[in-house]
Amino acid sequence: MQQFLKHFAPAAAAVAFSFAAFTGAASAQQEIKLGYALATTSHYGVAATKWQEVVEAETDGRFVFRHFPSSGLGGEREVIEGLQIGTVEATIVSSGTLSNFVPETGVFDIPFLFRDLSHARTVLDGPIGQDILAKFESAGLVALAWGEQGFRHITNNRNAIAAPADVAGLKLRTMENPIHITAFQTLGAAPTPMAWPEVIGALEQGTIDGQENPLSVITSAKLSEVQKYLTVSGHVYSPAMLLVAPDFWNGLSDEDKEVFKKGAAEAVVAMRGFVDNAESSGVEQLKAAGMDVGELSSEQKAAFQEALAPAYEQYYNTYGKDLIDQIIATE
Ligand code: PAF
């Protein structure tokens with residue numbers, strides 16, 4: 001017994017102490033459950049960590065972030081619904097299902113709308129993007145900032161893609177996003193909307209031929225392990241958003257709200273830095289991982305744009321040609 005006490009009593013005391021410390025601290029600390037679809041090493045993980053660092057440092061640890069990476073709280077739609085009912089405090093999500101909550105968001109999902117990252121960032125950070133963030137309140141959500149993933153490209157296991165005819169009948173997983181679905185239907189593909197947690201399994205089993213995502217996702221989710229062809233199509237910009245739950249937000253002091261906003265702004269800078277890096281080094285990385293990579297020339301992209309003309313008619317009806325032209329004309 002004495003031997004037992006010698007070896008285990010200090011450990012038991014340490015456990016008891018940390019339990020007391022934990023329960024003591026728990027009354028003073030608020031846990032922030034932060035869910036996101038990708039690994040901690042992805043652009044979402046980098047942004048989440050920066051957000052946490054700023055908030056935890058500037059509130060003397062009164063808030064403690066708990067990360068749920070890799071869809072640990074479910075698909076993006078489920079996590080957003082969790083914010084609405086107050087079971088999750090915060091998330092970083094793509095625009096995948098956002099237009100199902102705030103339809104105006106879908107304008108940014110229109111293919112070939114933005115020239116480059118700088119154009120997209122200017123629009124999202126300017127009045128058009130900020131007006132759309134403000135609309136989230138009426139959907140029972142608080143949108144703090146636009147982040148991003150980069151430009152989306154197509155990967156698949158069937159064939160290389162150089163022209164619209166090459167996507168004919170291609171079983172291509174899309175996000176649950178009506179704007180993207182319309183685009184791929186118009187191109188003659190067979191778009192299959194699917195929540196992200198099911199995608200890798202479906203690619204492995206061959207129930208879909210391919211998917212489309214930015215280099216930031218293709219590299220961090222190691223899609224080269226399950227996909228042969230990468231077509232650098234840049235067919236659409238992929239925004240992301242930092243959202244918090246209204247119940248949680250309304251309980252914060254004005255001072256704490258400012259800290260969360262500041263953390264979100266710094267998280268966006270970190271996320272954009274990651275995306276810049278993925279855009280410049282991702283293709284080489286994926287070639288080295290064995291992918292067969294083809295990049296659409298500007299003439300080939302123009303052929304895709306031309307094939308999308310009927311879809312643009314629908315986008316003009318939904319979002320208004322004036323708004324779309326205003327976005328395109330933004331310098
Ligand atoms: O394709 C998607 O669903 C999204 O881009 C992803 C990978 C979940 C990141 O938000």
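Up top is the structure these notes are about.
Given the structure is predicted, the values throughout are model-derived calculations rather than measurements.

To continue, consider the overall build of the protein. Each helix and strand in the protein was counted, giving 13 helices and nine strands. The C-alpha radius of gyration computed for the protein amounts to 22 Å, which stays within 12% of the reference 20 Å derived for 331 residues, consistent with globular compactness. By principal-axis analysis of the C-alpha atoms, the protein measures approximately 80 × 45 × 30 Å. Residue burial in the protein is summarised as follows: out of 331 residues, 51% are buried. Of all intrachain contacts in the protein linking residues separated by at least 6 positions in sequence, the fraction that spans at least 24 positions is 75%. Counting only carbon and sulfur atoms, one obtains 54% of the accessible surface of the protein, whose full area is about 14,500 Å². With 22 positive and 40 negative side-chain charges, the protein shows a separation of 4 Å between the mean positions of the two kinds.

Attention now goes to the pairing of strand 2 (residues 63-68). Two faces, one strand: in a regular strand the side chains alternate between the faces of the sheet. Examined bridge by bridge, strand 1 (residues 30-36) and strand 2 share six bridges and lie parallel to one another. Looking at strand 2, one finds that E31 is bridged to V64.

Our next topic: the packing of helix 6 (residues 178-186) against helix 12 (residues 309-319). Running from amino to carboxyl end, helix 6 crosses helix 12 at an angle of 155°, the nearest separation of the two axes being 9 Å. As judged from the angle between their axes, helix 6 and helix 12 are roughly antiparallel. In this structure, helix 6 meets helix 12 at a crossing whose hand is right-handed. Where helix 6 approaches helix 12, its residues I179, T182, A183 and T186 are matched on the opposing element by P310, A311, Q314, Y315 and Y319. Class assignment of the residues belonging to the contact of helix 6 with helix 12 gives a composition of six nonpolar, three polar and no charged.

The subject of this paragraph is the packing of aromatic side chains. Using the criterion set out here, one finds 10 aromatic pairs in the structure. Here the aromatic rings of F248 and F260 are separated by 5.3 Å at their centres, their planes lie at 75°, and the arrangement is edge-to-face. Residue F248 is found in helix 9 (residues 246-250), and its partner F260 is found in helix 10 (residues 254-288); the two are separated by 12 residues along the sequence. Ring geometry for Y312 and Y315: centres 5.9 Å apart, planes at 80°, overall edge-to-face.

Taken together, A37, L38, Y44, E76, S94, Q149, R152, R173, M175, W196, N213 and V217 make up the full set of residues adjacent to the ligand. The protein chains hide 98% of the 290 Å² of surface that the ligand would expose on its own. Looking at the shell around the ligand residue by residue, the classes come out as six nonpolar, three polar and three charged.

Residues W51, I92, F108, L243 and F260 are the most contacted members of the largest nonpolar core, which totals 96 residues. For this core, the element with the most residues is helix 10, which contributes nine residues. Contact partners of F108, with chain neighbours within four places excluded, come to L113, F114, V123, L124, I128, G129, I132, W146, V236, Y237, P239 and I327.

Definitions and cut-offs
Residue indices follow the written sequence of each chain, beginning from 1 at its first position. In view of the model being predicted, local features appear only for residues whose pLDDT reaches at least 70, and side-chain atom pairs are presented and counted only at 80 or more, with totals across whole chains, interfaces and linings using the full set of residues. To get the side-chain values, all heavy atoms of the structure are used, and hydrogens and water are removed first. Under the scheme used here, helices are H or I runs from DSSP no shorter than 4 residues and strands are E runs no shorter than 2 residues, and both carry numbers assigned from the N terminus. Only C-alpha atoms enter the radius of gyration; for comparison, a globular chain is expected to reach 2.2 Å times N to the power 0.38, where N is the number of residues. Here the term buried applies to any residue with accessible area under 20% of the maximum for its type, exposed to any over 50%, and partly exposed to those in between, with areas from a 1.4 Å probe on protein chains only. When checking whether two residues touch, look at their non-hydrogen atoms; a contact exists if any pair is within 4.5 Å. Surface accessibility in these figures is a Shrake-Rupley result with a 1.4 Å probe; residues are shielded only by whichever protein chains are displayed. Here Asp and Glu are counted as negative and Lys and Arg as positive; His is not counted, and neither are the chain ends. A single reference atom marks each charge: NZ on Lys, CZ on Arg, CG on Asp, CD on Glu. In this analysis, strands are considered paired if DSSP registers two or more bridges between them. An axis is simply a line fitted to the C-alpha atoms; with a helix, the fit covers only the stretch in contact. Between two such axes, the angle follows the N-to-C directions and lies from 0 to 180 degrees. Working rule for angles: under 35 degrees goes down as roughly parallel, over 145 as roughly antiparallel, 65 to 115 as roughly perpendicular, anything else as oblique. Each crossing gets its hand from how the near helix is turned against the far one by less than a right angle, where anticlockwise is left-handed and clockwise is right-handed. Three classes are used: nonpolar for Ala, Val, Leu, Ile, Met, Phe, Trp, Tyr, Cys and Pro, charged for Asp, Glu, Lys and Arg, and polar for all others, with Gly counted as polar. Planes of paired rings set the category: under 30 degrees apart is stacked, over 60 is edge-to-face and the rest tilted, where pairs are Phe, Tyr or Trp rings (Trp by its six-membered ring) whose centres lie within 6.5 Å. For each residue, the test is whether any non-hydrogen atom lies within 4 Å of the molecule or strand; if one does, the residue is near. We define the nonpolar core as a collection of buried residues of types Ala, Val, Leu, Ile, Met, Phe, Trp, Tyr and Cys that are connected through side-chain atoms lying within 4.5 Å of one another.

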